[in-house]
Amino acid sequence: MSGGPPRALPSTGPHSLLDMPHPLAGSSSEEAVGGDSTPSPDLLTARSFGDKDLILPNGGTPAGTSSPASSSSLLNRLQLDDDIDGETRDLFVTVDDPKKHVCTMETYITYRITTKSTRVEFDLPEYSVRRRYQDFDWLRNKLEESQPTHLIPPLPEKFVVKGVVDRFSEEFVETRRKALDKFLKRITDHPVLSFNEHFNVFLTAKDLNAYKKQGMALLTRVGESVKHVTGGYKLRSRPLEFAAIGDYLDTFALKLGTIDRIAQRIIKEEIEYLVELREYGPVYSTWSALEGELSEPLEGVSACIGNCSTALEELTDDMTEDFLPVLREYILYSDSMKSVLKKRDQVQAEYEAKLEAVALRKEDRPKVPADVEKCQDRMECFNADLKADMERWQSNKRQDFRQLLMGMADKNIQYYEKCLMAWESIIPLLQEKQEAK
């Protein structure tokens, strides 16, 4: 990635991202392959709401004057606006300081987890522990078991293709650290998950292995009920609002998957182009040694191509380290939401099956058994929690993608500006040679 803060760029007037193709809009090629992929009404509503937020607050400036309203400053303003959420935070968690451990049987990376809190659930105001990836995986499994009605944030994928990605390289470790930090911050910001006992143990326990050995003993009744639902019963009909959520998630995952594949192809082509540029520039330099008057201009072209190569490398790194991980996270996020939606359907199926069993009894007006009422309560709990988490997820998604697209625009502006400056730098040199002649 490029070092240092991005420079302020001159503004050319008001711009709206509404003029740009929406990243989740359908493409003709995709529709031809996947058939009809018309988004649900909920998707259109979310899209229009998100588009409204994406209008850049830049009033423009007269021609020939500079303005601090660059894409970088706009990004900072958006980030500040999103941080002001009216909530009083009392729990702060960070993931940093990755360390490599080489043992006889294995080699692995641990990360330092620092926790600061004023909550009564914590005996100390600050904790610092070290955790490896499998500890994060344990935490997520425990959250899924004990909080089945809630959306659990996804972890970065563990699978690494050997020979393609070095999981001990600084770039990979830093990318994973960022993802793990975001995972814990998602949980920290959740009004229910942040109070989970397993989360408390994960943040404070010096030896986590003792808690891991407890296995499935701490499953809640709700979790047990969900896991033991009879799978043979077919759900009559999913409520319209949850059917709309399911349709939206299918379309959302499809669009992001397509963007992810295209982005990876673009990065691959940029890397190949970068290889060509690195071979292309030195040719002008070696040629200049054979020339007289052309020597200096040829050296200038060689340096110009070198500067463009550096700018392209920075842009490619930014896409690889910042853009792709967000796409992957939200693809996994949609899978997590689908899993919660499926559990909700199982509870509804259980409730409907119990109601039918009661209706088949011979009594004139059979009293609704307590287990049926409890099942109804569980279904209502699922409905409320799922809708609340979906709303929170949509809010986070709008914020994350707004920052992602602003950052992508900013990086591309910087790239083309660097290339423009590089090529403009050799024009005076060529003009001087022409005047001298």
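Reading the values: rules and limits
Residues numbered from 1 in each chain as written. Predicted model: local features only at pLDDT ≥ 70, side-chain atom pairs only at ≥ 80, totals over all residues. Heavy atoms only, no water. Helix = DSSP H or I, 4+ residues; strand = E, 2+ residues; numbered from the N terminus. Buried < 20%, exposed > 50% of the residue type's maximum accessible area, 1.4 Å probe, protein only. Contact = heavy atoms within 4.5 Å. Areas by Shrake-Rupley, 256 points an atom, 1.4 Å probe, with all protein chains shown as cover. Salt bridge = Lys/Arg side-chain N within 4 Å of Asp/Glu carboxyl O. Axes fitted to C-alpha atoms, helices over the stretch in contact; angles between N-to-C directions. Parallel < 35°, antiparallel > 145°, perpendicular 65-115°, else oblique. Nonpolar A, V, L, I, M, F, W, Y, C, P; charged D, E, K, R; others polar. pLDDT = per-residue confidence, 0-100. Expected span 1.5 Å × (residues − 1).

Draft legend 1. Inspection of the overall build of the protein at higher detail. Summing up its helical and strand segments, the protein has 12 helices and three strands in all. By the burial criterion, 43% of the 437 residues in the protein qualify as buried. Pairs at least 24 residues apart make up 77% of the contacts formed inside the protein by residues separated by at least 6 positions. Here the protein has roughly 25,200 Å² of accessible surface; of this, 55% comes from carbon and sulfur atoms.

Draft legend 2. Summary view of the environment of asparagine 383. In this structure, asparagine 383 sits in helix 11 (residues 370-425). The exposure class of asparagine 383 is buried, given its relative accessible area of 16%. Separated by 141 residues in the primary sequence, asparagine 383 and phenylalanine 242 place their C-alpha atoms 8.7 Å from one another. Look past the residues within four positions of asparagine 383 in its chain and what remains in contact with it is Phe242 and Arg344.

Draft legend 3. Fine view of the pattern of salt bridges. A complete count under the given rule lists 24 salt bridges for this structure. The salt bridge partner of arginine 132 is glutamate 106, with a shortest N-O separation of 3.0 Å. Of the two residues, arginine 132 sits in strand 3 (residues 126-132) while glutamate 106 sits in the loop between strand 1 (91-102) and strand 2 (107-117), which places them 26 residues apart along the sequence. Take glutamate 106: its relative accessible area is 37%, and that puts it in the partly exposed class. Its salt-bridge partner being arginine 378, residue glutamate 350 comes within 3.3 Å of it at the nearest N-O pair. Within this pair, whereas glutamate 350 is found in helix 10 (residues 295-359), its partner arginine 378 is found in helix 11, the two being separated by 28 residues in sequence. We note that glutamate 350, like arginine 378, is buried. Salt bridges linked by common partners bring Lys182, Arg186, Glu329 and Asp400 together as one network.

Draft legend 4. Representation of the packing of helix 10 against helix 11. Put simply, helix 10 and helix 11 touch, their axes get as near as 10 Å, and they point 170 degrees apart. Looking at the two axes, helix 10 sits roughly antiparallel to helix 11. Of the residues belonging to the contact of helix 10 with helix 11, the class tally is 32 nonpolar, six polar and 14 charged.

Draft legend 5. Expanded view of the environment of leucine 151. Summarising the element assignment, leucine 151 is placed in the loop between helix 4 (133-146) and helix 5 (170-189). Beyond its immediate sequence surroundings of up to four residues, leucine 151 is in contact with Leu193, Tyr333, Ser336, Met337, Val340, Asp389 and Trp393.

Draft legend 6. Quick look at the confidence of the model for the protein. Here the protein shows a mean pLDDT of 77. Residues at 70 or above account for 70%. Note that residues 1-75 has pLDDT below 50 and, in this model, 97 contacts with residues that lie over four places away or in other chains. Counted against residues more than four places away or in other chains, residues 77-86, with its pLDDT under 50, gives seven contacts.

Draft legend 7. Local environment of helix 4. When the terminal C-alpha atoms of helix 4 are compared, their 20 Å separation across 14 residues agrees well with the 20 Å that a helix rising 1.5 Å per residue should span. Of all 14 residues making up helix 4, 10 are buried, and the element is well covered by its neighbours. When we look at burial in helix 4, the residues that qualify are Tyr133, Asp135, Phe136, Trp138, Leu139, Arg140, Lys142, Leu143, Glu145 and Ser146.

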